[in-house]
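# Report on the structure
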Amino acid sequence: MGRHNKPASQLKGNHKSQTEKKRLAKFEQETVGASDRLEQGLEGLYEQELNQLRDENAENNYDILAWEAHKSSALGNIHISDLIDLANEMSLLKEYEEDIKIYKRIIFVGEKPVPNPAIKMRQESLKTIGIIKSRLGLGAVDIVTLARQKAEMNEKDGLANIFTKDIADKAFGEETTNEV
C-alpha cells in the first residue's frame, strides 16, 4: 500500500503546474465541505455517531479534536468518523496507561511473573493513533509543513509592512521631524 497523496497546499516542486495545484486545492475544499458540525463539537453529532464514543473521556477528546479541526479548517464534516475513531483510541490509550501505573511492568499469574499485557496493548494503540492521524493529515511532518507555510505567508506580509517608512522609523528609533 502506497503513501497517501499530499494535500494540494503541501505540494512542492514543479511536477504540477500552479493551475493544477489551484484546481486540486479547490477540489479538496469542495470535498472536505463545511465544518459547521465540527464547530458544534458533541452537539453537532448525530445520535448514532454519539453512541460510537465509548465513554466520557472519548467524548471530551472528540470535543477538543473537533474544535481544533474546525479552527484549522483542514478538516470538515466528512472527517467526523475518523475523529470519533481517534477519540476512542485516545481513550483506550489512557486506560492502558492507568493499568500500567497500577500493575507496573510485570504481573503475577499464580506465582509466575508475566509481562503486563497492557504494555503491548498500549503500543498497538499508539500505532493505531499514528495511522489515524496520518490519514487525517495530523502527523508531525504534516503539522510542521503547514506551520512553515503559514509562517512563510505571514513573513511575506510582515516584510512588506516592516519596510514602510513609518514602521521602519519607529523600529529603528529614528524619529523624523519636519523642522527646518
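Rules used in this analysis
Residues numbered from 1 in each chain as written. Predicted model: local features only at pLDDT ≥ 70, side-chain atom pairs only at ≥ 80, totals over all residues. Heavy atoms only, no water. Helix = DSSP H or I, 4+ residues; strand = E, 2+ residues; numbered from the N terminus. Buried < 20%, exposed > 50% of the residue type's maximum accessible area, 1.4 Å probe, protein only. Lys, Arg positive; Asp, Glu negative; His and termini not counted. Salt bridge = Lys/Arg side-chain N within 4 Å of Asp/Glu carboxyl O. Polar contact = N/O pair within 3.5 Å; in protein donor to acceptor, adjacent residues only side chain to side chain. Contact = heavy atoms within 4.5 Å. Axes fitted to C-alpha atoms, helices over the stretch in contact; angles between N-to-C directions. Parallel < 35°, antiparallel > 145°, perpendicular 65-115°, else oblique. Left-handed = near helix turned anticlockwise from the far one by under 90°. Nonpolar A, V, L, I, M, F, W, Y, C, P; charged D, E, K, R; others polar. Expected span 1.5 Å × (residues − 1). Arc of directions from axis to C-beta.

Time to look at the side chain of glutamate 89. Turning to its location among the elements, glutamate 89 is positioned in helix α5 (residues 80-103). Buried charged residue glutamate 89 carries no salt bridge. Nearest counter-charge: arginine 54, at 7.8 Å. A distance of 2.8 Å separates the side chain of glutamate 89 from the side chain of serine 125, its partner in a polar contact.

Moving on, we get to unusual backbone geometry. One non-glycine residue, lysine 104, lies in the positive phi region at around 60°. In this fold, lysine 104 is placed in the loop between α5 and β1 (106-109).

Tracing the chain through its elements places isoleucine 64 in helix α4 (residues 56-72). Given a relative accessible area of 55%, isoleucine 64 falls into the exposed group. Along the sequence, isoleucine 64 and glycine 41 sit 23 residues apart, while their C-alpha atoms lie 7.6 Å from each other.

Next up on the list: the side chain of serine 91. Examined against the element boundaries, serine 91 turns out to sit in helix α5. Discounting residues that sit within four places of it in the chain, serine 91 has contacts with Arg54, Asp55, Asn57, Ala58 and Asn61.

Bringing the packing of α4 against α5 into the picture now. Packing of α4 against α5 leaves a shortest axis separation of 8 Å and a crossing angle of 135°. Taken as axis vectors, α4 and α5 run oblique relative to one another. Judged by the sense of rotation from one axis to the other, the crossing of α4 with α5 is right-handed. Mapping the contact onto sequence places Asn57, Ala58, Asn61, Tyr62, Leu65, Ala66 and Ala69 in α4 and Ile80, Leu83, Ile84, Leu86, Ala87, Asn88, Met90, Ser91 and Lys94 in α5. Its residues assigned to classes, the contact of α4 with α5 comprises 11 nonpolar, four polar and one charged.

Another aspect to go through is helix α6 (residues 117-136). Under the 1.5 Å per step criterion, the end-to-end length of α6 is 29 Å for 20 residues, consistent within 8% with the ideal 28 Å. Buried within α6 are the following residues: Ala118, Ile119, Ser125, Ile129, Ile132 and Leu136. Buried residues along α6 cover an arc of 140° about the axis, so they all sit on one side. For α6, the exposed residues lying more than 90 degrees away from the buried face are Lys120, Lys127 and Ile131. On its buried face, α6 sits against α5. Among the residues of α6, the N-terminal cap falls to asparagine 116, whose side-chain oxygen and the backbone nitrogen of alanine 118 are separated by 3.0 Å.

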